[in-house]
Amino acid sequence: MSVERHMAGMLQQIARQQDVVEIAPQGTPRKAAALAYVAEQYGYTYGTACRTGFKNSLVQVRMYRDPRPEARVREAATLTAHPQAGNGGTVPGLDRGSLKPLPGATDAVVVLKDLVTFDVMAQYVGDRKQKTVVYLGCAVLTALLFADKSPVEAVATGGLLAVLATVAFQVGTVRRAGIARRLTAAGFHAVTDEQGAQRFLRPGQQLPGHANPFAA
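Residues numbered from 1 in each chain as written. Predicted model: local features only at pLDDT ≥ 70, side-chain atom pairs only at ≥ 80, totals over all residues. Heavy atoms only, no water.

A few words now on the pairing of strand β1 (residues 20-23). Along β1, the buried face is formed by Val21 and Ile23; none of Val20 and Glu22, which line the opposite face, is buried. Where β1 and strand β3 (residues 58-65) come together, four bridges link them in antiparallel fashion. For Glu22, the partnering residue across the bridge sits in β3 and is Arg62. (Buried < 20%, exposed > 50% of the residue type's maximum accessible area, 1.4 Å probe, protein only. Helix = DSSP H or I, 4+ residues; strand = E, 2+ residues; numbered from the N terminus. Pairing = 2+ DSSP bridges.)

What follows deals with unusual backbone geometry. Unusually for a residue other than glycine, Gln17 sits at a positive phi of about 55°. By the secondary structure assignment, Gln17 is in the loop between α1 (3-15) and β1.

Right, let's get into a positive patch on the surface. On the surface, Arg30, Lys31, Lys113 and Arg175 cluster together into a positively charged patch. Its location among the elements puts Lys113 in helix α4 (residues 106-125). Classification of Lys113 as partly exposed rests on a relative accessible area of 31%. (Patch = residues over 30% accessible without salt bridge, like charges linked within 9 Å, V, L, I, M, F, W, Y side chains within 5 Å. Areas by Shrake-Rupley, 256 points an atom, 1.4 Å probe, with all protein chains shown as cover. Salt bridge = Lys/Arg side-chain N within 4 Å of Asp/Glu carboxyl O. Lys, Arg positive; Asp, Glu negative; His and termini not counted. Charge placed at Lys NZ, Arg CZ, Asp CG, Glu CD.)

Here you go:
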């Protein structure tokens, strides 16, 4: 889907003043972060992100309508400055017709990219249950290979898969820890959601899940 179609679809949701706006560009968290930045200028705030779609090719981000007065001021200013957004006109913070941030928006998009990446990587880091399933699968595969291959080949194949899984889990954990440090330095605070996953929120923000993500 083209940048214009993604932008128009998101702005149509915003124009209806939906409590939740969903963004799902194909590709990288960077693209999702750029669109999320635009949504923020219309009075929304970042909620959650995950991989979805065929072969997890989409980065789905949920933006929640920010009820604070300053968000309404930001929204009004954006509507005034960009009256043709979604119809070929300019959009806040991005080069026209692209998802490349302008200099004044670059830092904010980088932070949003970290938020998106941190949440998306939760699917690949692996908790105890997920690791158990993966290693059990390696063991089952090894057992099945005994029927067609020699015991040495079967054990070697199953063991190699287990090692690769361990490396993938560890790399994801290390990379996610680095993102967590950057978000903390940027003023975000870590919380644990209802599923036991770690999330990062702005000061004063509560976990999303309702129309008002800032509600106590």
